[in-house]
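Structural description and commentary
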Amino acid sequence: MPRSSLGLLQGTVDVLILRTLSWASMHGYGISRWISDRSAGALALEDAALYQALHRLERKGLVQSEWGITEKNQRAKYYKLTPAGRRQLRTEVAELRQYMAVLFQVLDPASRIHATNSRHPA
Amino acid sequence: MPRTPGIRREFRFPWRNRRQVAEDVDAELAFHLARRAEELVAAGLSADDARREAARRFGDLEYTTRYCRDEDVRRERESHHMVKLEALRQDLVYALRALRSAPGFAVVALLTLALGIGANTAIFSVVRGVLLRPLPFPDADRVVRIWHASAADNDYRSPLSEPDFKDWSAAASRFTSLAGYWYAPGGSGADLTGVGTPERLEGAFVTPEFFPTLRAAALVGRTIRPDEAVQGNDLYMVISYGLWQRRFGGDPVVVGRPLTINGVPRTVLGVMPPDFTYPADRIDFWIPLSTIPATAIGRGRVSRFLDVIGRLKPGVTVAQGRDELAAIARRIAAREPADKNFTGVTVVPVREAILGPVERPLLLLLGAVAFVLLITCVNIAGLLLARATSRERELAVRSALGAGRGRIVRQLLTESLVLAFLGGTLGVGLAYLGVHALGAIGAAELPRASEIRIDATVLLYALGVSMAAGLLSGVLPALRAASRNLQGMLRAGARGSVGAGHRLRGALVIGEVALAAILAVGAGLATRSFAHLLNVDPGFRPEHLLTVKLSIPSSYFDADRAQAYYQEILARVGAVPGVRAVGSAKYLPLRGTGEPWPSLIVPGTVGGPGDREIRLPVLHVSAGYFHAMGIPVRAGRTFTTADDGKHPVVLVVNQEFVRRYWPAGWDAGRVLRAGDTPIQIIGVVGNVRQRSLTEPAEPMGYIHYLQNMRSGMNLAIRTAGDPLYYVNAVRQAIWSVDPRQTITSIEPMSAVLGDTVARPRLLTSLLLLFGAMGLALGALGLYGVLSYTVSQRRQEIGVRVALGATPGSVLALVVRQGMTLALVGVVAGIAGALLLTRLMAAVLYQVRTTDPATFAAVVLVLLGTALLASWLPARRALRIDPVQALRYE
């Protein structure tokens, strides 16, 4: 089960992966690097959890995989979003945002997180 | 989610098996670990440390590997599934589109299939209701019908006398029980009075073993106990579900209450379940036999009136049961003079006894209707074949685009299955109508007709038949279409070739014509037989004859007024304006025979045979009976009202009696002897088919009512015009004597005759219908093939015409081809018919199964139809314009 330095909430692994893949198709290692780079190491997604999530998402038809060749000429499995994955990402981000807003409204009414109309993709 | 995730991937990945999935997962994870290790080495770790650290950071590798493999395998399976479903959906969509694009073909195919499947479903629903549904008593296969048999009297199905029945019951050890009952259709009825309108009920008088032998339990209340069926304590009855619903609205309070039957109150013990209607479909009550006084039905050994059933003990065969009863019968025959001739028994499983007479005709119909469907299938196969040929290009394109042979076969089969399914759905609708129509043309006369309905089993049968029809008609064209060199065809750019496909279609047409010929022969034979039946001279004149069935109430008998009452009814009915003559008999012809007079002596003649003892059926009639019925008097005189109880009993006999016993002829001095009493034979009348139209008259006697009174009264009323006009006046005339008199039925004699030929009529009309369907389908098939040939040979015919062929030779070209096919088919069909119509022997009346006239007529009709079916396409060939035909293509 996922374990990380900043404990990742159940379900957020999937949305993180979908978000990562919304930029470009990547292999598993690339996704891992991308997330830890973006969060400056704060979000440490365990590799085991990453791969389990990837295969689960693929079965659900949210991502699609394909063997490809890396820049270093190695054979690697690349994942990309399917249209269904893109739709799923959009709803999950919206739900997460709303959830956070409500959560913080309760925890700390002064510092509200604005449910800004973000430029999230798709 | 994309609609078909598997489809697009199909082109990139073929299906991965479990091992390939495992390899992929392993490779993917190995790549990850290698990259992570590289990263760590770059950060300064040694290669070994880096590998260890990468593995540590990864987490549970073993579990993840397993997890990923499982997910992938499941995904493979799911998408495989999706692809299959998708392919099916595609096939269905494609099939429907293909049908829409050929509406002419689709309509013809659907209609013929609907007719074929509908007819099959309707006939099957009858067969299921009547033959296949189990009888309404448990272990019915151990229940048998039992008769006394006398070879000397040529009577193998005689009822038993009560003493014989009791002796048999006491001695039979291989039976759980024997039971006797007296039931005569329209004869063993009784009047219900005291609740609402008086009604004549139909019922059976039974011994106490009746219900236990059938193992029948009451629905409400209970059946009759042995101590409730003894003289002195037997005023009980069990009523049928039908009567319970009809008269009492299904109210259970009726149980335990008395009903007045024949003027005597009897307590209702119970109500039987709806399906228990033994011994007749329409039955209202069961009453202990002991309530019938010996004065009404004699209880001596000569009085044979009991129908007997028995239940074999487990493990005992019918033959073993028969052997035991036969031994008992022989012992009694040796001891009892009255049973002298009755040394045998007839034992038949009850199912056979009830259904035996209808089994053969019904199975025959089922066979015939299967033939119709077979012709339909062959016909559609021919149409599909022709279509497949014209669709060769389309199939070739599909094949070029990657559709394998199996895929094309599957797609074409889907088309024919869709066709069959749609046809079957329409057919079930037709079957609903058909079952009602069957009831109207006589199926209601069948035993257990109330069980005929379209239920789940019948629907399942219809589905099965539809699918079978789809496969049968589709498999040959599909296989053939797929086996052609489709790619080559595409390259050649040719139109369909006239080759093997043509021969195959020819063969199909031959098969169709052959099947149609067999059906037509069957229909022809049945029609001839039916015509014979209608032409039978019944021995009386049935036209302008009204019949009324009634029973003189027992109160008149008690008061000794029965004879006066009887004469009064005859007089009043005779006085109705327009009534020419009126007579009465205990049973009218075709509705019952006379009472057997157990022992009469035909005195021997000097130089001829000695005294002979005979059993003679004797019918009770009124003086005017022969005149009213139109039965000719051949010699002597008939009864007058002077032949009454004050004078010695006299008899009238029929011609058959004279032929058999007095070959020298009748004269006024002829007598028979009953014991020592001489009975004068006063006259001879013409033979009447009393038992059935198909059985020649047996020796028979007539006795005058006034000398031997009976309660059963069947009026025969000769009317000036249509007998139905007189129904009301006759009824009023009867009620003017006693308004409480129940009338069982009033119907014209022609309807009585119609009822007796209802079954042959049903068989004949259905066989004719199926024969006509077969013929029409065969003609359609021939027409289709020839039309197709003409269109395919356009160019050739065009060239011929251009080179100077006469219209006659062009016509001959096409017609010759059609007639050749038809002729081969007819010959094959006649050969098949000679083999198959043997099965009809049992249902034919005075027609041999090889009747040359029928066969000749069938050949003519078929060839005539074939000529017509060939002529129309030939005419079209004639219209081909050579210039156009040559320019075409």
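In this text the structure is predicted, and so the values were computed from the model without any measurement.

Focus on the overall build of chain A
When its secondary structure is counted, chain A shows four helices and three strands. What you see in chain A, going N to C, is helices and strands ordered as α-β-α-α-β-β-α. Going through the 122 residues of chain A one by one, you find that 33% of them count as buried. Residue pairs in contact within chain A that sit at least 24 positions apart in sequence constitute 51% of those at least 6 positions apart.

A word on helix α11 (residues 392–400) of chain B
All names here are of chain B. All of the buried residues in α11 are Glu392, Leu395, Ala396 and Ser399. Down the axis of α11, the smallest arc covering the buried residues is 105 degrees, so these residues share one side. The outward face of α11, more than 90 degrees from its buried face, is lined by the exposed residues Glu394 and Val397. Count one or two residues on from α11 and you reach Gly402, which has phi positive near 110 degrees.

A closer look at the packing of helix α5 (residues 103–132) of chain B against helix α13 (residues 456–483) of chain B
Residue and element names in this part refer to chain B. Orientation of α5 relative to α13, taken along the N-to-C sense of each, is 145 degrees, at an axis distance of 9 Å. Taken as a pair, α5 and α13 cross one another with a handedness that is right-handed. In this structure, α5 contributes Leu113, Gly116, Ile117, Asn120, Thr121, Phe124, Ser125 and Arg128 to the contact, and α13 contributes Thr457, Val458, Tyr461, Ala462, Val465, Ser466 and Ala469. For the contact of α5 with α13, the per-class residue count stands at eight nonpolar, six polar and one charged.

Here we look at helix α1 (residues 12–21) of chain A
All names here are of chain A. Burial within α1 is extensive, with eight of its 10 residues counted as buried. Among all positions of α1, only Val13, Asp14, Leu16, Ile17, Leu18, Arg19, Thr20 and Leu21 are buried. Contacts made by the buried residues of α1 are with β1 (26–27), α2 (28–38), α3 (47–59), β2 (63–69), β3 (75–81) and α4 (83–107).

Here's the deal with the interface of chain B and chain A
Contact residues are listed per partner, giving 21 residues for chain B and 19 residues for chain A. Those elements that place two or more of their residues in the side of chain B that touches chain A are α2 (18–42), α3 (47–58) and α4 (61–101) of chain B. Its residues assigned to classes, the side of chain B that touches chain A comprises nine nonpolar, three polar and nine charged.

Points about the pairing of strand β10 (residues 258–261) of chain B
Residue and element names in this part refer to chain B. Covered by surrounding structure in β10 are Leu259 and Ile261 only, the residues Pro258 and Thr260 on the alternate face being uncovered. Pairing of strand β5 (residues 190–193) with β10 involves two bridges; the strand directions are antiparallel. Directly across from Thr193, in β10, lies its bridge partner Thr260. Looking at chain direction, β10 and strand β11 (residues 264–271) are connected through four bridges and run antiparallel. Bridging across to β11, Ile261 finds its partner in Val264. What sits between β10 and β11 in their antiparallel hairpin is a turn of two residues, with Asn262 showing a positive phi close to 55 degrees.

Looking at unusual backbone geometry
All names here are of chain B. Between Tyr278 and the following residue, Pro279, the backbone shows a cis peptide bond with an omega angle of 5 degrees. Structurally, Pro279 is set in the loop between β11 and β12 (285–288). Positive phi outside glycine occurs at His544, with the angle close to 55 degrees. Residue placement: His544 occurs in the loop between α15 (500–535) and β15 (545–551). Using a count of 18 C-beta atoms within 10 Å as the deciding quantity, one classes His544 as partly exposed.

Here is what the cut-offs are and how they apply
- Residues numbered from 1 in each chain as written.
- Chains lettered and ligands numbered in written order.
- Predicted model: local features only at pLDDT ≥ 70, side-chain atom pairs only at ≥ 80, totals over all residues.
- Helix = DSSP H or I, 4+ residues; strand = E, 2+ residues; numbered from the N terminus.
- Buried ≥ 20, exposed ≤ 12 C-beta atoms within 10 Å, placed from the backbone.
- Contact = placed C-beta atoms within 7 Å.
- Arc of directions from axis to C-beta.
- Axes fitted to C-alpha atoms, helices over the stretch in contact; angles between N-to-C directions.
- Left-handed = near helix turned anticlockwise from the far one by under 90°.
- Nonpolar A, V, L, I, M, F, W, Y, C, P; charged D, E, K, R; others polar.
- Pairing = 2+ DSSP bridges.

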